[in-house]
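Each chain is listed here by its residues.
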Amino acid sequence: MQISSTTYENLEVNRNLENAPEEETIELKPDDYKMALYYFSIKDINGENSEQLIKQKRKQLENIISNTAVITQVYDSDIYGLESLDKEDYITLVTTPTTSLKNLNVIEMKKDNKGKIVSIKFKISTHENNK
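Residues numbered from 1 in each chain as written. Predicted model: local features only at pLDDT ≥ 70, side-chain atom pairs only at ≥ 80, totals over all residues. Heavy atoms only, no water.

**Points about the overall build of the chain**
- Broken down by element type, the chain carries three helices and six strands.
- Start at the N end of the chain and walk to the C end: the helices and strands fall as β-β-α-α-β-β-α-β-β.
- Among the 131 residues that make up the chain, the fraction classed as buried is 28%.
- For the chain, contacts bridging at least 24 residues in sequence account for 53% of all contacts bridging at least 6.
- Accessible area for the chain stands at about 9300 Å²; split by element, carbon and sulfur atoms hold 46% of it. (Helix = DSSP H or I, 4+ residues; strand = E, 2+ residues; numbered from the N terminus. Buried < 20%, exposed > 50% of the residue type's maximum accessible area, 1.4 Å probe, protein only. Contact = heavy atoms within 4.5 Å. Areas by Shrake-Rupley, 256 points an atom, 1.4 Å probe, with all protein chains shown as cover.)

Here it is in structure tokens:
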């Protein structure tokens, strides 16, 4: 069984079901990079210090995303299904305070052995139910 999450490390679990216990708890390890990216993508930025917070958020994203990252937005559409974004476009998208960011869902994220995010696949649902 493969377990994947937008905020936890991916995990592969192999069990022999013939002698497996009836119930088992599997502990997932948080992935700091996934959590940070998810947090930055959905966090509202409002109020007096909003400009400063946006600059801070942009700088943090600049540091955790590789310059050569492959970033793909997935659409539910008959006209087109995928759009490729560069790092700057993605950072601008997730740091521009809009209500659509509440519907942003990171489908998949990969990082290299240095800890930099090298791939992001995400979707912005048009309806809350499609998240």
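Additional details are given in the paragraphs that follow.
**Quick notes on the sheet that holds strand β5 (residues 104–111)**
- Pairing is mixed in the open sheet, where four strands are placed in the order β4-β3-β6-β5. Here the strands that pair on one side only, and so sit at the sheet edges, are β4 (82–85) and β5. Direction aside, neighbouring strands of the sheet carry axes that sit 20° apart on average.
- Each of β3 (65–74), β4, β5 and β6 (117–124) touches helix α3 (residues 87–95); the most contacted strand, β3, lies at about 65° to it. (Pairing = 2+ DSSP bridges. Axes fitted to C-alpha atoms, helices over the stretch in contact; angles between N-to-C directions.)

**Comments concerning the side chain of T95**
- Counting through the fold element by element, T95 comes out in helix α3.
- We classify T95 as buried; its relative accessible area is 4%.
- Contact partners of T95, with chain neighbours within four places excluded, come to I54, K57, R58 and L61.

**Section: the confidence of the model for the chain**
- Looking at the chain, pLDDT values average 80 and 80% of them are 70 or higher.
- Confidence, read as mean pLDDT per element, is least for helix α1 (residues 32–42) in the chain (65) and greatest for β3 (94). (pLDDT = per-residue confidence, 0-100.)

**Structural notes on the nonpolar core**
- Residues I65, I71, Y90, L104, I120 and F122 are the most contacted members of the largest nonpolar core, which totals 17 residues.
- Within the residue set of this core, elements represented by two or more residues are α2 (50–64), β3, α3, β5 and β6. (Core = buried A, V, L, I, M, F, W, Y, C linked by side-chain atoms within 4.5 Å.)

**Quick word on α3**
- When α3 is considered as a whole, its buried residues turn out to be K87, Y90, I91, V94 and T95. The buried residues of α3 occupy an angular sector of 120° when projected down its axis, which confines them to one face.
- The opening residue of α3, the one whose side-chain oxygen lies 3.3 Å from the backbone nitrogen of E88, is D86. (Arc of directions from axis to C-beta. Polar contact = N/O pair within 3.5 Å; in protein donor to acceptor, adjacent residues only side chain to side chain.)

**Concerning the pattern of salt bridges**
- Throughout the structure, instances matching the rule amount to three salt bridges.
- One salt bridge in this structure joins E88 and R58, with 2.8 Å as the shortest N-O distance. Of this pair, E88 sits in helix α3 while R58 sits in helix α2, and the two are 30 residues apart along the sequence.
- A relative accessible area of 36% places E88 in the partly exposed class. (Salt bridge = Lys/Arg side-chain N within 4 Å of Asp/Glu carboxyl O.)

**Comments concerning the environment of K87**
- Following the sequence through the fold, K87 ends up in helix α3.
- Look at K87 and you get buried, because its relative accessible area is 8%.
- The sequence separation of K87 and V70 amounts to 17 residues, and the corresponding C-alpha distance is 8.1 Å.
- When residues no more than four places from it in sequence are discounted, the contact partners of K87 are L61, E62, I65, S66, N67 and I71.
- In terms of polar contacts, K87 uses its side chain to reach the backbone carbonyl oxygen of I65, at 2.8 Å.

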